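The lines below spell out each chain.
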Amino acid sequence: MVSIRRSVSAFVAVAIGVTLVAAATLLLASGRPQVPDRLARAAVVVQSPEAGASADSFVPTRPWSATATAGLVGRLAALPGVAAAVPDRTFYAQPLIDGRPAASDTHEGHGWSSAQLGGLRLTAGEPPRRPGEVVVGRALGLRTGAPVTLLTAVGAESYTVTGLVDGPSVHVADEVAATLAPGVRAIGLVLAADADPERVATAARGIVGTDGRVLTGDARGALEPRNDARTRWIGMQVLTATAALAGFVTVFVVASTFAFTIAQRRRELGLLRAVGATGRQVRRMVYGEALVVGASGGIVGLLVGGGLAPPLGWLLVDAGFEPSTFRVGYEPWPVALSLVAGPVISLLAVWSASRRAARVRPLEALREAAVEQRPIGRLRVATGALLVAVGVARSVGTATADEARVAGQYALYAVMALVAGATVLSPAVVGPVVRLLRSPVRRRGGAIGMLVRGGALTATRRTASTAAPVLLTVAFAVLVSGMVRTTTAAYAAGRADNVNAGWIVLPDRAPGLSDQAVAATGGTALLPTTVFRTDPGTAPADRPLTALGVDPAGFAAANRALTVVAGSLDDLRGDDTVVVTASANLRPSEPYAVVFADGRLVSLRVVAVVTDASLPGDLLVPRAVVRTHDPSALTSTVYVRDRIAPPVGARIVDVATWAAEADAAEDRLVWLFTLLLIGVSAGYGAIAVANTLLLAAAGRAADLRLIRMAGATRRQVVWLVTAEAALVVLIGALLGGAVAFVGLLSIRAGLAEQVGAPVDLVVPWSVVAGVVGLCLLLAALASVLPTWRSLRHRPARSSVGVAG
């Protein structure tokens, strides 16, 4: 028969877990790529070939050249049902308002013909027809005929506003757009009113072949801005990790709760065995109780999670984990998954407890006192040892991982395995830990300390079950927070050590620096662009690479990490030279063919080979080569010796600040993600500790009254249960800290290998102290309040039997 009092903690844990799973999966299902507004009226869009990159690289597709674009546009426009085929040219263009770059939603400019792809219409004025004319968004507050300065990749240029539109757009004459963006990545097809989009798409595929993709309907979401795609991917990782952690922690907490409950019900289960119940029937009864708890908790969790999904979606957008186009919708599969999650989690969690319940002997019904069960069995020892071995192996993988992301994943898996292993073996560990603390407890606790120590030693299973949630909470808090802080500090220090400069000039309210701004600094600049690797005589392999346009002498002087292994950097001049890294497996004078941003295939000649750690990219080319093939490329960084007055759209910082800010936006998201994970695990741990101790206090009421009859005051009894709660939290914190420390050491070893320098281990003690303090506070309250209430009146001596 299900006991409401004993099942409430498991019910709460399941309900919270399913709430998180339901909310996370609903948000995941809503995270589909959105069709960009500027292409919303193009029922069919032809996209240039995808680059062969990983899912989290977010590089643009390989562009078509001007010649290839013209041929495709002509053939697509001739298809039946196509009213117009419009190449969507995109380039950098940002208006200056009051001498500063406008903080608009977009920094992109387009040709005027692209306006019809998004359904933009003039609200005032007329379209741009000549160079020097522009149509801008009405929100900028400009009037037709007014002058406006646009920041472009070359520098500030003067334009005249000829028209206004409702959207945050910048549109110039088509011939100007063709000069600023010769490479094209999308061609939108505007269809006649009676045209069938799928039929047109089929015909377009016959024309495009393998040189692109034809997209219709929701598939056009693949054209969303790369920044939005990256933000959406980050949000997906956050939600996936939250759902996975919620499921793992829920199983963990519910298993601990059921184990504690079974330990308290041994006499009841012994009575069932004494009246003829078989072990299978007892196990079936426990499974039935778990199923009821899981189903009811799952339904409540689904309802709460469904209601929380929309406000959580808004918070994700505000925090930067989802783009502004994110909208929450309700799909069938998250609902079904959430309904199934509750029962499945409960059944998984109760498996071990059900086996223990089935082994209770009828003799247990005759015992009045709580006697500790037998030591843990061989199967449990073997399982715990296996989990610890898996955790150690994952830790070794963390220390030898080549990438920080892979190391972080290995570390998380390692700690999960170590936490599970430590929990399984914890009854065997509690005794040595308590004995280790014997001297301090004896000196400071007197008789109360002796009772606390004796109780923990004689009830190791109960102590372990109560300490398990603290172990989990502290382990994840220490690991995740320490991993983030250690990684951030290590990469910032390595980045700063590699730069030989006094100051760094960076963009301000703009995505990059123009050539005009770079010339005003007089420093060494990096002009990045994306190129696509190919081999002469073969079809393009479409492997995206980051090429840096540099002045070789200035770059060599500013880069301490530069190590040339073959050739000479001085030969990087002209329009056909390139410097590659050793991983390219090429030698000087060998050919190196790439497709640039203008879609042109160019065969370069290798003049030098450097180590992979020498470049903040994949290859070097002369700066003039990048500007020739990518008229819209923007400078990311300028190294200068002395502090200067920054030009328009720029700011200047010292090297240490630059190194710390290089990944500031991403670090902020990572830290928010870290706090979210800590909050999930800490919240679960606190609830589990409180619920378990509430159950323990209720089950020990008779024992505590007996202690009072022996002469203890109510205050001494309260101090006893408080000390017991503190000891449990201390044991869990020590075990959790030890588990996390193993993971952090392996992470530090891997980082030291990656950055090539010693790495300091950084642990945010404030976070750890807050988590341990929360567990300690709730543990004390959960122990003291029911104890104080149960001891309001001193019991008569006859009310308490003698334990036998």
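Per-chain numbering applies: the sequence of each chain, read as written, is numbered from 1 onward. pLDDT decides what is reported in this predicted model: residues at 70 or higher carry local features, side-chain atom pairs at 80 or more are listed and counted, and totals for whole chains, interfaces and linings draw on all residues regardless. The side-chain figures draw on all heavy atoms in the structure; neither hydrogens nor water molecules are used.

### Quick word on the overall build of the protein
Strands are runs of DSSP state E lasting at least 2 residues, helices are runs of H or I lasting at least 4, and numbering of each runs from the N terminus. What the protein contains, in helices and strands, is 20 helices and 23 strands. Each of the 804 residues in the protein was classed as buried or not, and the buried ones make up 50%. A contact between two residues is defined here by any heavy atoms of the two lying within 4.5 Å. Taking the intrachain contacts of the protein between residues at least 6 apart in sequence as the baseline, contacts between residues at least 24 apart amount to 82%. Looking at the protein as shown, the accessible area adds up to about 35600 Å², and 59% of this sits on carbon and sulfur atoms. Residue exposure (1.4 Å probe, protein chains only): buried if accessible area is under 20% of the type maximum, exposed if over 50%, otherwise partly exposed. Surface accessibility in these figures is a Shrake-Rupley result with a 1.4 Å probe; residues are shielded only by whichever protein chains are displayed.

### Quick word on the nonpolar core
Joining through side-chain atoms within 4.5 Å is the link that ties buried Ala, Val, Leu, Ile, Met, Phe, Trp, Tyr and Cys residues into a set, and such a set is a nonpolar core. Core analysis: the largest hydrophobic core is formed by 73 residues, its most contacted members being Val 254, Phe 258, Phe 321, Val 419, Val 739 and Leu 744. Those residues within four positions of Leu 744 in sequence are excluded, and the remaining contacts are Val 478, Leu 479, Gly 482, Met 483, Leu 761 and Val 763. In this structure, Leu 562, Leu 572, Ala 608 and Leu 620 belong to the second largest nonpolar core, which totals 23 residues.

### Quick notes on helix 2 (residues 66-77)
Residue count minus one, scaled by 1.5 Å, sets the expected span of a helix. In this model, helix 2 (12 residues) spans 16 Å end to end at C-alpha, consistent with the 16 Å of a helix rising 1.5 Å per residue. On its buried side, helix 2 packs onto strand 1 (44-47), strand 2 (82-87), strand 12 (186-191) and helix 4 (197-208).

### Observations regarding the sheet that holds strand 1
Strand pairing requires that DSSP identify at least two bridges connecting the strands. An order of 2-12-1-13 is seen for the four strands of this open sheet, with the pairing classed as antiparallel. Across the chains shown, the open sheet's two edge strands, defined by having one partner strand only, are strand 2 and strand 13 (213-216). Direction aside, the axes of adjacent strands within the sheet are offset by 20 degrees on average. Here strand 1 pairs with strand 12 via four bridges, running antiparallel. Within strand 12, the position partnered with Val 45 by the bridge is Gly 188. Here an axis means a line fitted to C-alpha atoms, over the contact stretch when the element is a helix, while the angle between two N-to-C directions is reported on a 0 to 180 degree scale. Contacting strand 1, strand 2 and strand 12, helix 2 runs over the sheet at an angle of about 165 degrees to strand 2. Against the sheet, helix 4 touches strand 1, strand 2, strand 12 and strand 13, its axis set at about 170 degrees to strand 13.

### Quick look at the side chain of Arg 627
In this fold, Arg 627 is placed in helix 15 (residues 623-629). Here Ala 633 takes part through its backbone oxygen, which lies 2.9 Å from a polar atom of the side chain of Arg 627. The residues contacting Arg 627, other than those within four sequence positions of it, are Ala 153, Asp 515, Leu 527, Ser 632 and Ala 633. Here a polar contact is recorded for every N or O atom pair within 3.5 Å, except that within protein the pair must consist of a potential hydrogen donor and a potential acceptor, and residues adjacent in sequence are included only if both atoms are side-chain atoms.

### Examining unusual backbone geometry
With a phi close to 55 degrees, Asn 585 is a non-glycine residue in the positive phi region. Mapped onto the elements of the fold, Asn 585 is located in the loop between strand 18 (577-581) and strand 19 (591-595). Overall, the relative accessible area of 68% leaves Asn 585 in the exposed class. For Ser 589, which is not a glycine, the phi torsion comes out positive at approximately 85 degrees.

### A short note on the packing of helix 2 against helix 4
Look at helix 2 against helix 4: their axes get within 10 Å of each other, and the N-to-C directions meet at 145 degrees. For the crossing formed where helix 2 meets helix 4, the hand is right-handed. Here Leu 72, Arg 75 and Leu 76 of helix 2 come into contact with helix 4, specifically with Ala 204, Ile 207 and Val 208. Left-handed describes a crossing in which the near helix is turned anticlockwise from the far one by less than a right angle; the clockwise case is right-handed.

### A closer look at the pattern of salt bridges
Two side chains bearing opposite charge may form a pair once their charged atoms approach each other closely. When a carboxyl oxygen of Asp or Glu lies within 4 Å of a side-chain nitrogen of Lys or Arg, that pair is called a salt bridge. Counted by the stated rule, this structure contains 12 salt bridges. Its salt-bridge partner being Glu 50, residue Arg 213 comes within 3.1 Å of it at the nearest N-O pair. Taken together, the residues span a long stretch of sequence, with Arg 213 in strand 13 and Glu 50 in the loop between strand 1 and helix 2 at a distance of 163 residues. Looking at Glu 50, the relative accessible area reads 35%, which means it is partly exposed. We note a salt bridge from Glu 590 to Arg 587, for which the minimum N-O separation is 3.7 Å. Overall, the relative accessible area of 22% leaves Glu 590 in the partly exposed class. What makes Arg 587 exposed here is its relative accessible area of 60%. One salt-bridge network, in which partners are shared between bridges, spans Asp 515, Arg 623 and Arg 627.

### Describing the confidence of the model for the protein
In low-pLDDT segments, the atomic positions of the prediction should not be examined closely. Of all residues in the protein, 83% attain a pLDDT of 70 or more, and the chain-wide mean is 81. Scored between 0 and 100, pLDDT is the confidence that the predictor attaches to each residue. Across residues 368-373 the pLDDT falls below 50, and counting only partners more than four positions away or on other chains, this stretch makes 11 contacts in the model. Below pLDDT 50 for its whole length, residues 797-804 participates in eight contacts with residues either more than four positions away or in separate chains.

### Description of the packing of helix 6 (residues 266-274) against helix 7 (residues 279-319)
Two elements in contact, helix 6 and helix 7, have axes separated by 10 Å at closest approach and are oriented at 135 degrees. Regarding the angle of helix 6 to helix 7, the classification is oblique. Viewed along their axes, helix 6 and helix 7 form a crossing whose handedness is right-handed. Between helix 6 and helix 7, the residues in contact are Leu 269, Leu 272 and Arg 273 and Gly 279, Val 282 and Met 285, respectively. The nonpolar class holds Ala, Val, Leu, Ile, Met, Phe, Trp, Tyr, Cys and Pro. Asp, Glu, Lys and Arg form the charged class, and all remaining residues, Gly among them, are polar. A per-class count over the contact of helix 6 with helix 7 returns four nonpolar, one polar and one charged. Note that the term roughly parallel is reserved for angles under 35 degrees, roughly antiparallel for angles over 145, roughly perpendicular for angles of 65 to 115, and oblique for everything else.

### What to know about the side chain of His 629
The residue His 629 is located in helix 15 in this model. Every residue in contact with His 629, bar those within four places of it in the chain, is listed here: Phe 596, Ala 597, Asp 598, Arg 600 and Val 602.

### A look at the packing of aromatic side chains
Only centres within 6.5 Å qualify two rings of Phe, Tyr or Trp (six-membered ring in Trp) as a pair; their planes then separate them into stacked at under 30 degrees, edge-to-face at over 60, and tilted for everything else. A complete count under the given rule lists one aromatic pair for this structure. Judged by centre distance (6.3 Å) and plane angle (85 degrees), the rings of Tyr 639 and Trp 658 are edge-to-face. One end of the pair, Tyr 639, is in strand 22 (residues 637-640); the other, Trp 658, is in helix 16 (residues 655-661), with 19 residues separating them in the sequence. For the pair Tyr 639 and Trp 658, one class covers both residues: buried. Only when the NZ of Lys or the CZ of Arg is both within 6 Å of the ring centre and within 35 degrees of the ring normal is a charge said to sit over the ring. Lying over the aromatic face of Tyr 592, Arg 533 brings its terminal NZ or CZ to 4.0 Å of the ring centre. The side chain of Arg 643 reaches across the aromatic face of Trp 503, ending 4.8 Å from its centre.

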